[in-house]
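Structure assessment
Listed here are the chains, written in short residue letters.
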Amino acid sequence: MKRRQLLKSLSLLPLAGGINNLSLQAEPAPAEDLYKELGIRTFINAAGTLTYMTGSIMQDKVLKAINSSVNKFCMLDELQDKVGEQIAKITHAEAATVTSGAYSAMTLGLAGVLTGMDMKKVGQLPNLEGMKSEVICQKAHKDAYTQAFILTGCKIITVETREELEHAINEKTAMMHFLNIAVNGGKIKHEEWIEVGKKHNIPTSIDIAADVPPVENLWRFNDMGFDLVFLSGGKAVRAPQSTGYLMGRKHLIEAARLSAPPRAVTIGRGHKVNKEEILGAYVALKNMISMDHDKEWKKWEAGIALIENAVKEIDGISTNITVNPLGNHTPSLRITWDDSKIKLTGNELRESLRNGNPSIEAGFSGLPIFKGQATPPKPGAKGANSVSITVWMMQPGEDKIVARRLREEFLKVRV
Ligand SMILES: *Cc1c(COP(=O)(O)O)cnc(C)c1O
């Protein structure tokens, strides 16, 4: 409210209590609680950056960027050109573009490889007549998300050894794909993968969707020589959930954009990202490189320690803290218990936390990624008496609530 309006409304108030009413008048109207209106459960996220839990919460700077840019128009292509240039600089790529997620980056990136700058081919996909039609990856690197390549009409060919790889390469091979988090699952590592690609003149791609932080991963794989790099905006980068980054060779990014909005008669017309999201994705990345990552890490460690300390002295409980070296790189607390001392399964505990007030979603071990959906361990199975907790998606103070609730639930069922 402007000062003049404020004074005017004040002058309508009875004189006594004018000062109290001043603060009342200056208070903004409470925000609409749409979750409440719609009857939607909200919760403290102790599980991590999971799409089915709506991923992550945007950085403050991203929200500001969105709010300050929404009420102006610009040309979508000009915006993508200029934001792409900046993202490319940050990530040491020749070029870059914002997509509607890492998955979209995979589809569009491969589309660019297949079509080049030929608009006729762009309009023809997923009919691959006259184009290449195979993507090769190592068996351990085929996950739920390689489905993104199928959308172009391509087939995925899996190999396990260098020999098999060399043998699988033929005139139909469009691309050689690498899944960063599966590096230890496959025999062929990054450098060798790139080397074989170069030898046969086949573009190589890498999925690093959930692998930032560490912040160095923003440029590491571009520096290494991958021709296309796919990254999520909606995970720990905390850009809008509906964004991703496609980085790589200039001619491939240019070609990929031919299949992307605003162009119709493309397989990518549904992969729309608008100005708010594109600018949000840009600001998130820009902020990522100037952020104090040590401070952030210490904050996560402190939150994890607080929760660990609240439960670890309870008889029958053991805790350990792990850090995934790759993918969702953050401290994670695993709490396990002896069910002769604590009568509870992990599923029951997660259910109680879910039904408590405030509601809490705790995690479980085992990456859901290869199955494409999350399924907690069955009773009696390994990991059934355990929960996994991360704090990186929590709001300030929520770690204390989680610590208290976990302790309460354990003490309730202690034998
Ligand atoms: C999350 C994820 C994706 C998909 O990313 P989006 O940005 O949600 O499209 C792809 N690959 C891996 C390894 C992932 O973890």
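Look above for the structure.
Just so it is clear, the structure is predicted and the values come from calculations on it, not from any experiment. Each chain carries its own residue numbering, running from 1 in the written order of its sequence. Reporting in this predicted model follows two pLDDT cut-offs: at least 70 for local features of residues, and 80 or more for side-chain atom pairs to be given and counted; totals over whole chains, interfaces and linings ignore these cut-offs and use all residues. Excluded from the side-chain calculation are hydrogens and water; included are all heavy atoms of the structure.

1. Observations regarding helix α13 (residues 275–290)
Strands are runs of DSSP state E lasting at least 2 residues, helices are runs of H or I lasting at least 4, and numbering of each runs from the N terminus. Each residue after the first adds 1.5 Å to the expected span of a helix. Its 16 residues place the ends of α13 23 Å apart at the C-alpha level, agreeing with the 22 Å of an ideal helix rising 1.5 Å per residue. Burial classification: accessible surface area is computed with a 1.4 Å probe over protein chains only, and a residue below 20% of its type maximum counts as buried, one above 50% as exposed, and the rest as partly exposed. The element α13 is extensively covered by neighbouring structure, given that 12 of its 16 residues are classed as buried. Within α13, the full set of buried residues consists of Lys275, Glu276, Glu277, Ile278, Gly280, Ala281, Tyr282, Val283, Ala284, Leu285, Asn287 and Met288.

2. So, the sheet that holds strand β3 (residues 134–138)
Each strand in a sheet pairs with its neighbour through backbone hydrogen bonds, running either in the same direction (parallel) or in the opposite one (antiparallel). Criterion used throughout: strands pair if DSSP finds at least two bridges between them. Ordered in space as β2-β8-β7-β6-β5-β3-β4, the seven strands form an open sheet in which the pairing is mixed. What marks the edges here is a single partner per strand, and that holds for β2 (95–99) and β4 (155–159). In this sheet, adjacent strand axes meet at a mean angle of 25° when their direction is disregarded. Bridge count between strand β6 (residues 204–207) and strand β7 (residues 228–232): three bridges; the pairing is parallel. Its bridge partner being in β7, Ile206 is matched across the sheet by Val229. Note on definitions: a residue-residue contact is assigned when non-hydrogen atoms from the two residues lie within 4.5 Å. The angle between two axes is taken between their N-to-C directions and runs from 0 to 180 degrees, where each axis is a line fitted to C-alpha atoms and a helix contributes only its stretch in contact. Across the sheet, helix α10 (residues 190–200) lies against β3, β4, β5 (173–179) and β6, angled at about 175° from β5, the strand it touches most.

3. Quick look at helix α4 (residues 60–69)
Here α4 has its buried residues at Val62, Ala65, Ile66 and Ser69. Down the axis of α4, the smallest arc covering the buried residues is 95°, so these residues share one side. The exposed residues of α4 that point more than 90 degrees off its buried face are Asp60, Lys64, Asn67 and Ser68. By definition, the arc is the one covered by directions from the helix axis to the C-beta atoms.

4. Quick word on the packing of helix α5 (residues 76–91) against α13
For the pair α5 and α13, the least separation of the axes is 10 Å and the interaxial angle reads 15°. On the basis of their axis angle, the class for α5 and α13 is roughly parallel. Considering only the axes of α5 and α13, their crossing is left-handed. Every residue of α13 that contacts α5 at Leu76, Leu79, Gln80, Val83, Gln86, Ile87, Ile90 and Thr91 is listed here: Lys275, Ile278, Leu279, Tyr282, Leu285, Lys286 and Ile289. Angular relationships are summarised with four words: roughly parallel below 35 degrees, roughly antiparallel beyond 145, roughly perpendicular across 65 to 115, and oblique for the angles in between. By convention the crossing between two helices is left-handed if the near helix lies anticlockwise of the far one by an angle smaller than a right angle, and right-handed if it lies clockwise.

5. Focus on the pattern of salt bridges
Throughout this description, the term salt bridge denotes a Lys or Arg side-chain nitrogen within 4 Å of a carboxyl oxygen of Asp or Glu. Applying the stated rule across the entire model yields 21 salt bridges. Residues Arg257 and Asp77 are paired through a salt bridge, measuring 3.0 Å at the closest nitrogen-oxygen approach. Of this pair, Arg257 sits in helix α12 (residues 250–257) while Asp77 sits in helix α5, and the two are 180 residues apart along the sequence. Here Arg257 falls in the buried class, since its relative accessible area comes to 14%. Ionic pairing is found between Lys275 and Glu276, a salt bridge with its closest N-O pair at 3.6 Å.

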